[in-house]
Amino acid sequence: MIRDVLRMGDARLIRRAREVDRFDTRDLHGLVGDLFDTMKAMEGAGLAAPQIGVDLRVVIFGFNASPRYPDAPPIPETVLVNPVLTPLSDEMEDGWEGCLSVPGLRGVVPRYRWLRYTGVDARGQAIDRTVSGFHARVVQHECDHLDGILYPMRVKDFTRFGYQDVLFPGMPDHDD
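Rules and cut-offs
- Residues numbered from 1 in each chain as written.
- Predicted model: local features only at pLDDT ≥ 70, side-chain atom pairs only at ≥ 80, totals over all residues.
- Heavy atoms only, no water.
- Helix = DSSP H or I, 4+ residues; strand = E, 2+ residues; numbered from the N terminus.
- Buried < 20%, exposed > 50% of the residue type's maximum accessible area, 1.4 Å probe, protein only.
- Pairing = 2+ DSSP bridges.
- Axes fitted to C-alpha atoms, helices over the stretch in contact; angles between N-to-C directions.
- Contact = heavy atoms within 4.5 Å.
- Salt bridge = Lys/Arg side-chain N within 4 Å of Asp/Glu carboxyl O.
- Expected span 1.5 Å × (residues − 1).

### Overview of unusual backbone geometry
With a phi close to 55 degrees, E43 is a non-glycine residue in the positive phi region. The topology assignment puts E43 in the loop between helix 1 (26-41) and strand 1 (46-48). For E43, a relative accessible area of 36% puts it in the partly exposed group.

### Overview of the sheet that holds strand 4 (residues 92-99)
A sheet is described by the order of its strands in space; here 3 strands give the open sequence 4-5-8, paired in antiparallel fashion. Unpaired on one side and paired on the other, strand 4 and strand 8 (161-163) mark the two borders of the sheet. Mean inter-strand twist for the sheet, computed between neighbouring axes without regard to direction, equals 20 degrees. Note that strand 5 (residues 102-112) and strand 8 share 3 bridges and pair antiparallel. Paired with L105 across the strands is Y163, a residue of strand 8. Lying over the sheet, helix 2 (residues 133-146) contacts strand 4 and strand 5, oriented at roughly 55 degrees with respect to strand 4.

### What to know about the pattern of salt bridges
Counted under the stated rule, the structure contains 18 salt bridges. R16 serves as the salt-bridge partner of D147, at 3.7 Å between the closest nitrogen and oxygen. Of this pair, D147 sits in the loop between helix 2 and strand 8 while R16 sits in the segment before helix 1, and the two are 131 residues apart along the sequence. Taking the shortest distance from any N to any O, the salt bridge between R111 and E97 comes out at 2.8 Å. Of the two residues, R111 sits in strand 5 while E97 sits in strand 4, which places them 14 residues apart along the sequence. The buried category is assigned to E97, whose relative accessible area is 1%. When salt bridges that share partners are traced, they join E97, R111, R137, D144 and R154 into one network.

### Here we look at helix 1
Under the 1.5 Å per step criterion, the end-to-end length of helix 1 is 22 Å for 16 residues, consistent within 8% with the ideal 22 Å. If you follow the buried residues of helix 1, they end up packed against strand 1, strand 2 (58-63) and strand 3 (75-87). At the exit of helix 1 stands E43, carrying a positive phi of roughly 55 degrees.

These values are about where atoms sit, not about what they do.
The following block contains the structure:
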């Protein structure tokens, strides 16, 4: 089911989400289905449970090809519950980001270039991946939502933050 996405200003987006303590349940699988339905309907690269008003540490992300990111390599469709992110170096990389909860805006955000993420899927099976580049950026962006952080809070140079249609005329007006 496609759900409404909360927008910046809603207090539910700026709090730390609760750990999931029960796996392979009808409710958790239903939440994951709703997250994927909503993300795909909005052509996003990922979505976090708090963005649809669910106070749990659950994110989903991934695509085979993205019309909004034609140069981005595929990212496997992933359900990541109770994630732990570990930077693998201090190297940061700037990149443009948008967000379904911050519609119409884009900004340059520094993110760790190399990252290990661990957690479990909806069935409670372990996930442990080492990633870089755009994949690492997407994971960091989505997991920030679990700690009440929206990408504008990470923007360092506000001359590189603004309305998408002004910054990138002709670019599709969908957000991550």
